Amino acid sequence: MSDTLEHVKCLIIGSGPAGYTAAIYASRANMFPVLYQGTQPGGQLTTTNDVENYPGYPDGITGPEMMIEFQNQAERFGADIRHGWVTKVDFSGPVHKVWINDEKEILCDTVIIATGASAKYLGLPSEQKYLKLGGGVSACAVCDGFFYRNQEVVIVGAGDSACEEAHYLSKLCKKVTMLVRRDVFRASKIMEARVRNTPNIEILHNTNTLEVLGDGQVVTGVRIKNNISGEESEVPATGFFVAIGHKPNTDIFKDFLDLDETGYIKNIPGTAKTGVEGVFVSGDAADHVYRQAVTAAGTGCMAALDAERYLAAKESTVEA
Ligand code: NDP
């Protein structure tokens, strides 16, 4: 077989908890999985400082360390972990085709998608600076809220996620200031009512973020502007949470799989199966609700088990 064409039993796309868990299960089931890591090996968790809610790590662990442990565990059972970016797929025929870096073509008996989702950020230089420093910018209240106990935080957004996260933070923090860019919420009425009825959440409508303020190491506040009056002010805060939506990393699959209106891959409920035989999905690429490392790992396991059963059924049909 040429250097640019390869045939694999199980190709896993993505290297977060879903992808690595799928790789652990698939390699233990003798499926000889090949996993492509993408451009951010370890996925979203590599932008999280301390993970304290993943069972089995009673003292917590940093996101990057945890992902190295996942990778080591998958490699221990023989998973072939590779650098590379999947640029194109073709799921139209009996054998699925996947291209790496627009060069190498792989023929796959099964494909497990674990490409995750990316949190959207405002894109302000000050926000990106403190995000990279791990100094108080986060897109996940459930992951990082605990570090701001009894402190004052700001959250941007007015969708269901922002409401859910603001409410979660309100139980930990002294005060939560919610910055809403319009005079109305996008969230469902019930979620909006919940934040409005929470005494330590202050909602500032028609408000944009101008700058995340800090001392060079950690966040100390947020400079804001009322987009009606033009008035600028500062809100003291040690944490700056962004909850303006996520984008699932599913663009390359859209011609072959059913996606919902926001781009999440539709799976057959209760399984990791997609509408295409032999293609399975796990983790945040199909989950806009839970989005946790532990749920991603769980669905990675489901995808590998579904793939194994699919291959076994196919092989027994061939033998019969
Ligand atoms: P949404 O797209 O629903 O909401 C995004 C929010 O962020 C909007 O209020 C939007 O403002 C605001 N926003 C976007 N860009 C900016 C910006 N640059 N500056 C300031 N604000 C900005 O995303 P969600 O993540 O909240 O929800 C995604 C989907 O998941 C929805 O369908 C939601 O219902 C669902 N979901 C359901 C949950 C549940 O049922 N428990 C929990 C969480 C999410 P604007 O309105 O002005 O555009």
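Residues numbered from 1 in each chain as written. Predicted model: local features only at pLDDT ≥ 70, side-chain atom pairs only at ≥ 80, totals over all residues. Heavy atoms only, no water.

Colleague: Help me understand the pattern of salt bridges, please; the structure alone is not making it clear to me.
Modeller: As a working rule, side chains carrying opposite charge can pair if their charged atoms are close by. Counted under the stated rule, the structure contains nine salt bridges. Across the pair glutamate 192 and lysine 189 runs a salt bridge whose closest N-O atoms are separated by 3.8 Å. Of this pair, glutamate 192 and lysine 189 both sit in helix α6 (residues 189-196), three residues apart, which is roughly one turn of that helix. Residue glutamate 192 is classed as buried on the basis of its relative accessible area of 13%. The class of lysine 189 is exposed, set by a relative accessible area of 65%. The closest approach of N and O atoms between glutamate 232 and arginine 223, which form a salt bridge, is 2.9 Å. (Salt bridge = Lys/Arg side-chain N within 4 Å of Asp/Glu carboxyl O. Helix = DSSP H or I, 4+ residues; strand = E, 2+ residues; numbered from the N terminus. Buried < 20%, exposed > 50% of the residue type's maximum accessible area, 1.4 Å probe, protein only.)

Colleague: Just to check I follow, could you spell out the nonpolar core for this structure?
Modeller: Side chains that are nonpolar tend, in soluble globular proteins, to be buried together. Residues Ile12, Tyr54, Met66, Phe70, Ile112 and Phe280 are the most contacted members of the largest nonpolar core, which totals 30 residues. Mapped onto this core, the elements with two or more residues apiece are β1 (5-13), α1 (17-28), α2 (63-76) and α7 (293-319). Top contributing element to this core by residue count: α7, with seven residues. Each residue touching tyrosine 54, except ones within four places of it in the same chain, is listed here: Met66, Phe70, Ala293, Val294 and Ala297. (Core = buried A, V, L, I, M, F, W, Y, C linked by side-chain atoms within 4.5 Å. Contact = heavy atoms within 4.5 Å.)

Colleague: Any chance you could explain the site of the ligand here in plain terms?
Modeller: In the neighbourhood of the ligand, 15 residues make up the surrounding shell, with Asp160, Ser161, Arg181, Arg182 and Arg186 lying closest. Glutamate 164 places a side-chain nitrogen or oxygen 3.0 Å from a nitrogen atom of the ligand. Contact distances for the ligand include 2.7 Å between an oxygen atom and a side-chain N or O atom of arginine 186. Here the ligand has 920 Å² of accessible area as a free molecule, and 71% of this is covered by the chains. Each residue belonging to the shell around the ligand can be placed in one class, and the counts come to five nonpolar, five polar and five charged. (Near = heavy atom within 4 Å. Polar contact = N/O pair within 3.5 Å; in protein donor to acceptor, adjacent residues only side chain to side chain. Areas by Shrake-Rupley, 256 points an atom, 1.4 Å probe, with all protein chains shown as cover. Nonpolar A, V, L, I, M, F, W, Y, C, P; charged D, E, K, R; others polar.)

Colleague: I tried to follow the sheet that holds strand β11 (residues 152-156) on my own but got confused; where do I start?
Modeller: In a beta sheet, neighbouring strands are held together by backbone hydrogen bonds and run either parallel or antiparallel to one another. As summarised here, the arrangement of the five strands in space is β10-β17-β11-β12-β13, forming an open sheet in which the pairing is parallel. The open sheet has two edge strands, β10 (137-138) and β13 (201-204), and neither has a second partner. Of the pairings in the sheet, the one linking β11 to strand β17 (residues 239-242) comprises four bridges and is parallel in character. Looking at β17, one finds that valine 154 is bridged to phenylalanine 240. (Pairing = 2+ DSSP bridges.)

Colleague: Teacher, can you tell me more about helix α3 (residues 125-133) here?
Modeller: Burial in α3 covers these residues: Ser126, Glu127, Tyr130 and Leu131. Down the axis of α3, the buried set is contained in an arc of 135°. They therefore lie on one face. Of the exposed residues in α3, the ones pointing more than 90 degrees away from its buried face are Pro125 and Lys132. Buried residues belonging to α3 abut β10, β14 (207-214), β15 (219-226) and β17. Immediately beyond the C-terminal end of α3, within one or two residues, lies glycine 134, with a positive phi of roughly 65°. (Arc of directions from axis to C-beta.)

Colleague: Is there a simple way to think about α2 in this case?
Modeller: Helical periodicity: at 3.6 residues per turn, an α-helix aligns residues three or four positions apart in one direction. Over its 14 residues, α2 runs 20 Å from end to end, which matches the ideal 20 Å to within 8%, given 1.5 Å per residue. For α2, the complete set of buried residues consists of Gly63, Met66, Met67, Phe70, Gln71 and Ala74. Here the buried residues of α2 occupy an arc of 140° about the axis, which is enough to place them on one side. Exposed side chains of α2 directed beyond 90 degrees from the buried face belong to Ile68 and Arg76. The elements touched by buried residues of α2 are α1, β3 (50-51), β4 (61-62) and β5 (80-82). At the exit of α2 stands glycine 78, carrying a positive phi of roughly 100°. (Expected span 1.5 Å × (residues − 1).)

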